[in-house]
Amino acid sequence: MRTIHTDTIIEAVKNLCIEANCSLPNDVYCAIEKSIGTEKSQIGKGILEKIKENADIAKEQNMPICQDTGMAIFFVKIGQDVHIEGEYLYDAINEGVRRGYKEGYMRNSIVRDPLDRVNTGDNTPAVIHTEIVAGDKLEIIFAPKGFGSENMSATCMLKPSQGEAGVIDFVLDTVKKAGANPCPPIFVGVGIGGSMEKAAILSKYALTRDVEYENPNPYYRKMEEFLKDEINKLGIGPQGFGGSNTCLRVFIETFPTHIAGLPVAVNICCHVLRHKKIVI
Amino acid sequence: MNKIITAPLTIDVVKTLKAGDNCLVSGYIYTARDAAHKRMIEALNRGEELPFDIKNQIIYYVGPCPAREGHIIGSCGPTTSGRMDAYTPKLLELGLKGMIGKGERDKSVIEAMIKYGAVYFGAIGGAGALLAKSVEESEIIAYHDLGAEAIRRLKVKDFPVTVIIDCEGNNLYQIGRKSFEIND
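Residues numbered from 1 in each chain as written. Chains lettered and ligands numbered in written order. Predicted model: local features only at pLDDT ≥ 70, side-chain atom pairs only at ≥ 80, totals over all residues. Heavy atoms only, no water.

### Focus on empty space enclosed by the protein
Picture a little ball the size of a water molecule; that probe, rolled over the atoms, points out where space is still empty. Cut-off, in case you're wondering: Definitions used for this entry: grid spacing 1 Å over protein atoms alone; cavity, a set of points where a 1.4 Å probe fits but cannot get out; pocket, an open set with protein on both sides within 12 Å along at least 5 of 7 lines; lining residue, one with an atom within 4 Å of a point. Grid points are joined across faces, edges and corners, and a volume is the space filled by probe spheres set on the points. In this count, Pro and Cys sit with the nonpolar residues alongside Ala, Val, Leu, Ile, Met, Phe, Trp and Tyr, while Asp, Glu, Lys and Arg are called charged and the others, Gly among them, polar. An automatic or database domain assignment supplies the residue ranges for each domain.
Per the counting criterion, the structure on display carries four cavities of 30 Å³ or more. Of the volumes computed, that of the largest cavity is approximately 130 Å³. Every residue lining the largest cavity is counted, 15 residues in all, and those nearest its centre are Cys66(A), Asp68(A), Gly148(A), Cys183(A) and Lys102(B). The class makeup of the residues in the lining of the largest cavity is six nonpolar, six polar and three charged. Counting the residues that make up the lining of the largest cavity, at least three belong to each of domain 1 (2-20 + 65-144) and domain 2 (147-274) of chain A. Considered as a void within the structure, the second largest cavity measures approximately 60 Å³ in volume.

Put into structure tokens, the structure is as follows:
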């Protein structure tokens, strides 16, 4: 049994919040850089150059890449041989968010109730997904999510007979409907299988992968490439002004499902694909 | 080639702007997003005046990050405009001449833009750190309690925008997409 004190977790979460929001991951930066070379629209090329410049400014001045510093989403993998000492784990994560968003001069975007809509003033609570895994480590992935793109995401319960074609149609339809709203070029996370909520969580988790991540399943690897090409044929382009780069990468995650169902979830992320992981 | 624009606007300037034009805006603009729009319309419904004279003004749909010490404003890119559609026709009727945001507008907004003469600009979504460099002054003028959603008067210099929908209803989203769509 290994003991981890929540003070360590609070500090780690605080730092994750600031770093993820101010410093674009290198793989995402490279994907944007690469897209400048392939963009056929002149307006689009100009936008991609400004997006790259924005990431440089944010990193240099330690300011958020985007003013929508997001709802704080966490995927926490807790080794079963870890003993957490101190306060309640969820309280510790929320305290880290509170401190990180304040010290990092980030925007507080959370309202306490979806209908009365009063801002909580400290960007808490976070959405925390936990999983118990083997081992004695604690892995925390932080992925702040802006709602320009979150609002354009969707889930659908397809019939098994709709199969692969149904999945492809639903992904393309969702991206088409989203148009300029999610700040293209976008990244698309697709969750297929499980139950309704499992598919949605998979689609979110898919967006925590690195751009270079290679899907271990060759069938889905091919489908990711196909979907990306089809999305780019839509012509939406950078910021929706028309162009050849609408999507920089599709990530698919799957899970076994019920004999009667084919759940699909599409989680769209803007070009600011923020995610950062630490292992304690 | 950028068109140089001064805010507030005039109807004559609005008429010269066409979908697809890149522009640099200098002058004074006002920020407002979801909560501020809701309050403004509620105030009008009660027969009260708006917290600023909206005639010829540009509203920027943004909720900026707090400013670090020594900075004027934090990151301040546009938010999705469509959420303001329900409130916008009334503001256009009262003389609003320009909006800066991102994403599609609904039919009622475009019809009001054509009727009253107004332009819809796009700023780059997700480029808030870059856009903050074009802000020279920032002052909260109403609804302090809304925090990031308060109404601010911004003095901007060469603030980069693109005309998405002009006062004739031409729409860059439709024109641009058609040019690059591949049907095979």
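Moving on from the model shown.
### Considerations on helix α8 (residues 218-232) of chain A
All names here are of chain A. Under the convention used in this document: Numbering of helices and strands runs from the N terminus; a helix is a DSSP stretch of H or I covering at least four residues, while a strand is a stretch of E covering at least two. Residue count minus one, scaled by 1.5 Å, sets the expected span of a helix. We call a residue buried when its accessible area falls under 20% of the maximum for its residue type, exposed when it is over 50%, and partly exposed in between, using a 1.4 Å probe and counting protein chains only. Contact criterion: two residues are considered in contact whenever any of their non-hydrogen atoms come within 4.5 Å of each other. Two N or O atoms count as a polar contact when they lie within 3.5 Å, although within protein this holds only if one can serve as hydrogen donor and the other as acceptor, and sequence-adjacent residues are included solely when both atoms are side-chain atoms.
Between its terminal C-alpha atoms α8 stretches 21 Å, which fits the 21 Å expected from 15 residues at 1.5 Å a residue. Here α8 has its buried residues at Tyr220, Met223, Glu224, Leu227, Glu230, Ile231 and Asn232. Lining the buried residues of α8 we find α6 (163-178), β7 (186-194) and β8 (247-257). Where α8 starts, the residue carrying a side-chain oxygen 2.9 Å from the main-chain nitrogen of Tyr219 turns out to be Asn217.

### Some remarks on the pattern of salt bridges
All names here are of chain A. Threshold: Only one rule defines a salt bridge in this text: a Lys or Arg side-chain nitrogen within 4 Å of an Asp or Glu carboxyl oxygen.
Enumeration over the complete set of coordinates arrives at 32 salt bridges over all chains. For the salt bridge of Lys14 with Glu103, the shortest nitrogen-to-oxygen distance reads 3.2 Å. In this pair, Lys14 sits in helix α1 (residues 6-22) while Glu103 sits in helix α4 (residues 89-103), placing the two residues 89 residues apart along the sequence. The exposure class of Lys14 is buried, given its relative accessible area of 11%. Note that Glu150 and Lys204 form a salt bridge whose closest N and O atoms lie 2.8 Å from each other.

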